[in-house]
Structure formats: structure tokens, C-alpha cells
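Listed below, chain by chain, are the residues.
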Amino acid sequence: GTPMTDALPLRPAGLIRLIGSLIYDWLVLLGVLMLLGFVAVAFNKFLTGADAIAPGNPLFILWNLLIIYFYFAGFWVTKTQTVGMRAWRIHLASTNNRPLGWMHATLRLLAAIPAWGLAGMGIFWRYTNQDRIGWQDQASWTQVYYRPKR
């Protein structure tokens, strides 16, 4: 079923809004990664005296993956939408009548990797079912909804 917010039925977000919000979020996230990358390099310089972090450094890779995880999961769990989602007036909601939690967010992020990575097959999957849900929605019991302006 479709959730109701203030007596307005919500409808699933369209593909253009999903892609637009994702591009917006990745641009914001790129800035965050650059800023926190400078912090990591400064910390590395303090600890080791090296001017740069070696390519393929597992701690630096983990650092970046954690930043990406907490950007998306943190916004979803606390605000139900990321910065990009807010700009495109879409938000994430649970389909199992539970508040969005870290498990929803983690499952959604893990399922988004093949959903987007396999030529978007998991995203286009939404056109094969009446609820308009993709792989990451199915895996995490969530759905992205559009909130029109009032």
C-alpha cells in the first residue's frame, strides 16, 4: 500500500527524480570525501611524516567507505532523505510499518551496489511490478516516495 502523509497519498518517485537525487548526492559526497581526505592526509602526515597516503592503503579505503555509508545511512535513518533527495522532494519510507533503522539503511546500500552496478538492472526492475520497487527497495523493505509541493 501507499503511505499517507497529512492526508496526501504519496506516490513512488520517478526514475528521473531518483537519478537526479543520486547525481546531486554524489556531488555533495565528493566534496565531503575531498574535505575528509585532506583530514586523513594531515593525520597520516602527523603519524608517519609522509606527504601522501599510499595508493591502495586499506585504512584509507575503509575510511572512504565509512564516509559513504554514514552519509547515506545517517541521513536515511535520521531524516528519511539525503541532501539530494530533499532537493528533488523525495524521501525514503519503510514498507514494513517500522521506523527506518540502520538495518534498513545497510541492506539498502548493499543491494544498491548490484542494482546500479549491473547496468541499472535493479533500478529498472521497478517497472516489472505494480509497487514500483527496485532491488534495493525489496532487500530493505523500503521505498522512495515523491512529495509534491503544497
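Residues numbered from 1 in each chain as written. Predicted model: local features only at pLDDT ≥ 70, side-chain atom pairs only at ≥ 80, totals over all residues. Heavy atoms only, no water.

Can you break down a nonpolar patch on the surface residue by residue, with the values?
Side chains of Leu 59, Leu 62, Leu 66, Phe 70 and Trp 102 sit close together on the surface and give an oily, nonpolar patch of about 530 Å² of accessible area. When residues of the nonpolar patch are assigned to their parent elements, the largest contribution, four residues, is made by helix α2 (residues 58–79). Here Leu 62 is to be found in helix α2. (Patch = residues over 30% accessible without salt bridge, like charges linked within 9 Å, V, L, I, M, F, W, Y side chains within 5 Å. Areas by Shrake-Rupley, 256 points an atom, 1.4 Å probe, with all protein chains shown as cover. Salt bridge = Lys/Arg side-chain N within 4 Å of Asp/Glu carboxyl O. Helix = DSSP H or I, 4+ residues; strand = E, 2+ residues; numbered from the N terminus.)

Run through the packing of aromatic side chains, naming residues and quoting values.
Applying the stated rule across the entire model yields eight aromatic pairs. On the numbers, 6.2 Å between centres and 35° between planes, the contact of Tyr 69 with Trp 102 is tilted. Taken together, the residues span a long stretch of sequence, with Tyr 69 in helix α2 and Trp 102 in helix α4 (residues 102–117) at a distance of 33 residues. Centroid distance Trp 125 to Trp 135: 6.4 Å. Interplanar angle 55°. Geometry classified as tilted. Of this pair, Trp 125 sits in the loop between α5 (121–124) and α6 (135–140) while Trp 135 sits in helix α6, and the two are 10 residues apart along the sequence. Under the relative-accessibility criterion, Trp 135 is labelled partly exposed at 24%. Aromatic rings pair up to connect Trp 26, Tyr 71, Phe 72, Phe 75 and Trp 76 into one cluster. We note Arg 108 situated over the ring of Trp 76; from NZ or CZ to the ring centre the distance is 5.5 Å. Over the ring of Tyr 127 we find Arg 126, and its NZ or CZ is 5.8 Å from the ring centre. (Phe/Tyr/Trp six-rings, centres within 6.5 Å; stacked < 30°, edge-to-face > 60°. Buried < 20%, exposed > 50% of the residue type's maximum accessible area, 1.4 Å probe, protein only. Lys NZ or Arg CZ within 6 Å of the ring centre and 35° of its normal.)

Explain the sheet that holds strand β5 (residues 142–146) to me, using residue names and the numbers behind them.
Pairing is antiparallel across the open sheet formed by three strands, whose spatial order is β3-β5-β4. A single partner strand is all that each edge strand has here, and the edge strands are β3 (11–12) and β4 (90–94). Across two bridges, β3 lies against β5 in antiparallel orientation. In the strand pairing of β5, Arg 11 is matched with Tyr 146. (Pairing = 2+ DSSP bridges.)

Account for the pattern of salt bridges, naming residues and giving values.
Under the definition given, this model contains two salt bridges. Between Asp 51 and Lys 45 there is a salt bridge whose closest N-O contact spans 2.6 Å. Take Asp 51: its relative accessible area is 62%, and that puts it in the exposed class. With relative accessibility at 40%, the residue Lys 45 sits in the partly exposed group.

Give a description of the confidence of the model for the protein chain that names residues and reports values.
Mean pLDDT over the protein chain stands at 92; residues scoring 70 or higher make up 94%. Here strand β1 (residues 4–5) is the element of the protein chain with the lowest mean pLDDT, 47, and helix α3 (residues 83–87) is the one with the highest, 98. (pLDDT = per-residue confidence, 0-100.)

Tell me about the packing of α2 against α4, and name the residues and values.
Pairs of packed helices are described in terms of their axes, by the angle between the two and the distance that separates them. In contact at an axis separation of 9 Å, α2 and α4 are set at 135° when each is read in the N-to-C sense. Considering their axes alone, α2 and α4 lie oblique with respect to each other. Crossing handedness for the pair α2 and α4: right-handed. Residue-level inspection shows Tyr 69, Phe 70, Phe 72, Ala 73, Gly 74, Trp 76 and Val 77 of α2 in contact with α4, the latter providing Trp 102, Ala 105, Thr 106, Arg 108 and Leu 109. Of the residues that constitute the contact of α2 with α4, the class distribution is nine nonpolar, two polar and one charged. (Axes fitted to C-alpha atoms, helices over the stretch in contact; angles between N-to-C directions. Parallel < 35°, antiparallel > 145°, perpendicular 65-115°, else oblique. Left-handed = near helix turned anticlockwise from the far one by under 90°. Contact = heavy atoms within 4.5 Å. Nonpolar A, V, L, I, M, F, W, Y, C, P; charged D, E, K, R; others polar.)

Before we move on, can you summarise the pairing of β4 with the specific residues and values?
Each regular strand shows side chains that alternate between the opposite faces of the sheet. Most of β4 sits out of view: five of its five residues are buried. Neither face of β4 is exposed, since Ile 90, Leu 92 and Ser 94 on one face and His 91 and Ala 93 on the opposite face are all buried. Summarising the sheet, β4 and β5 pair through five bridges and their orientation is antiparallel. Looking at β5, one finds that Leu 92 is bridged to Val 144.

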